[in-house]
Amino acid sequence: MSVATVIVSALLAASALYWLAGVATVVVTARVLRRLSEVHVPDRRAWPKISVIIPACDEAETLEGAMEAKLRDDYPNIEFVLVEDRSTDATAQIVDRIAARDGRIVAIHIEELPEGWLGKLHALERGAQGASGEWLLFSDADAHFERGTLRRAIAACERDGIDHLAVIPDFWPVSLLLDAVITMFVRIMCLGGRLWAIEDPASKAAIGSGAFNLVRREAYDRCPGFRQIRLEVADDVALGQILKRSGARSRAMSGRGAVGLRFYGSLGEMARGSEKNGYAVLGRCSLPRVVVACAALLSLELAPLLGLLPWAPAWLRGLGLCAAGLAFAASIGVARWSGRRVLPALLWPVGTALFVAMMLRAGWLGFRRGGIVWRGTLYPSETLRAGMRLDIMP
């Protein structure tokens, strides 16, 4: 047996185990994570007050439509804290216009960013300070809620004693190739995030959702708050971590039919949007780390294709077919669970290649710029490293 055959067979074996773990993850996640839309809503006279905190920076294209969807929810005791953060487009005017026609909206405008803060984290902190609800719901400006979503969320939390509920949103379909990348992203999120273990207090698994992070105010006040994670780029997951470490009971649920958004509108938009996460989260502000992580991911994901090599012996081709079968099963399974189209899931090699290319691009840009550019502000690598207190990546 040649050295090349040994290397390829070892890589295929590792890939088969990786994809087997992917299949198991999809099965367990589908069993454990309930849909928020299926939660029974009890009859009750009084509901606790919710403060929906929405940071908005340069969201003129999506803010008004998403706010209209949120405002249509029939929850009876609610306020919306809309935090406009140094926008350069018409977001500030839209915030004021929406607030003027609905008394449930509290508008906050931020003109300066304090040193040592990421803009979004500072906006979330200001929103939490200005909120008066018994529950705080941190939600991105482009997230849409279906009617009845908030009643179901509160009902689920209060029935089971949950302090923190992260709802994984529907990512609306856009195009074949972009959907292939997003489906791959959802699959990696399920595998790396260990969503099935979120409720286990003995597990370090923690999750957050930028679209829908619902927190009991008492639990939020017990944790260090956004000040501790003010330089964490993955703010939603970081909040979930500090809440769980402070004793909060966390849960993740599927947002199919309840919470949705357009993740990105094009491959180019996703590449630009991934710049901060690729460099600061995946690579911890280190280009070599980004390259190593991408090489490992690409090898495990695409190794089944090595079974197609013409010189491969029959047993090696068989191993490759086994790994490929597991890959298709995991990809189709996560698409079915998340309500996404199956066809983009079948293009998992393309989705993986595009995702890795985006991460490598993010790593290179972060290295060349000396940091990340987020919403028009440059955050130097040294500053981000100094503020990284949590291990966001599994």
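Below: a short report on this structure. (Residues numbered from 1 in each chain as written. Predicted model: local features only at pLDDT ≥ 70, side-chain atom pairs only at ≥ 80, totals over all residues. Heavy atoms only, no water.)

Observations concerning the packing of aromatic side chains
Working step 1: Evaluation of the coordinates by the stated rule reveals 12 aromatic pairs.
Working step 2: Taking 5.3 Å as the distance between ring centres and 65° as the angle between the ring planes, the aromatic pair formed by F145 and F212 counts as edge-to-face. With F145 in strand β5 (residues 144–145) and F212 in the loop between α6 (176–193) and β8 (213–216), this pair connects stretches of sequence that are 67 residues apart.
Working step 3: Assessed through its relative accessible area of 0%, F212 is described here as buried.
Working step 4: Where F328 meets W348, the ring centres are 5.7 Å apart and the plane angle is 75°; that geometry is what we call edge-to-face. (Phe/Tyr/Trp six-rings, centres within 6.5 Å; stacked < 30°, edge-to-face > 60°. Helix = DSSP H or I, 4+ residues; strand = E, 2+ residues; numbered from the N terminus. Buried < 20%, exposed > 50% of the residue type's maximum accessible area, 1.4 Å probe, protein only.)

So, empty space enclosed by the protein
Working step 1: Enumeration according to the criterion identifies 4 cavities of 30 Å³ or more in this entry.
Working step 2: Quantified by volume, the largest cavity comes out at close to 90 Å³.
Working step 3: The wall of the largest cavity is formed by I168, P169, D170, F171, V186, M189, S254, G255, R256, W337, S338 and R340.
Working step 4: Along the lines of polarity and charge, the residues of the lining of the largest cavity split into 6 nonpolar, 3 polar and 3 charged.
Working step 5: Size it by volume and the second largest cavity reaches roughly 70 Å³.
Working step 6: K120, L124, F138, G210 and D235 are, among the 13 residues lining the second largest cavity, the residues nearest its centre.
Working step 7: Sorting the residues of the lining of the second largest cavity by element identifies α4 (119–129) and α8 (235–245) as the ones contributing at least two each.
Working step 8: Of the residues forming the lining of the second largest cavity, the biggest block, 3 residues, is contributed by α8.
Working step 9: For the lining of the second largest cavity, the class distribution of residues is 5 nonpolar, 4 polar and 4 charged. (1 Å grid on protein atoms, 1.4 Å probe; cavity = no way out; pocket = protein on both sides within 12 Å on 5 of 7 lines; lining within 4 Å. Points joined across faces, edges and corners; volume = space filled by probe spheres on them. Nonpolar A, V, L, I, M, F, W, Y, C, P; charged D, E, K, R; others polar.)

Structural notes on the pairing of strand β4 (residues 135–138)
Working step 1: Residues W135 and L137 of β4 are buried on one face, and the alternating residues L136 and F138, pointing to the opposite face, are buried as well.
Working step 2: As paired strands, strand β1 (residues 50–56) and β4 are joined by 4 bridges and run parallel to one another. Paired with V52 across the two strands is L137, which belongs to β4.
Working step 3: Of the pairings in the sheet, the one linking β4 to β8 comprises 4 bridges and is antiparallel in character. Bridge pairing in β8 links L136 to V215. (Pairing = 2+ DSSP bridges.)

What about the sheet that holds β8?
Working step 1: Here we have 7 strands laid out as an open sheet, ordered β3-β2-β1-β4-β8-β6-β9, and mixed in their pairing. At either end of the open sheet lies a strand with only one pairing partner, and these are β3 (105–110) and β9 (250–254). Put simply, the sheet's adjacent strands are angled 20° from each other on average, direction ignored.
Working step 2: Sheet topology note: the strand β2 (residues 78–85)/β3 ladder contains 6 bridges and is parallel. Bridged to E84 within β3 is H109. (Axes fitted to C-alpha atoms, helices over the stretch in contact; angles between N-to-C directions.)

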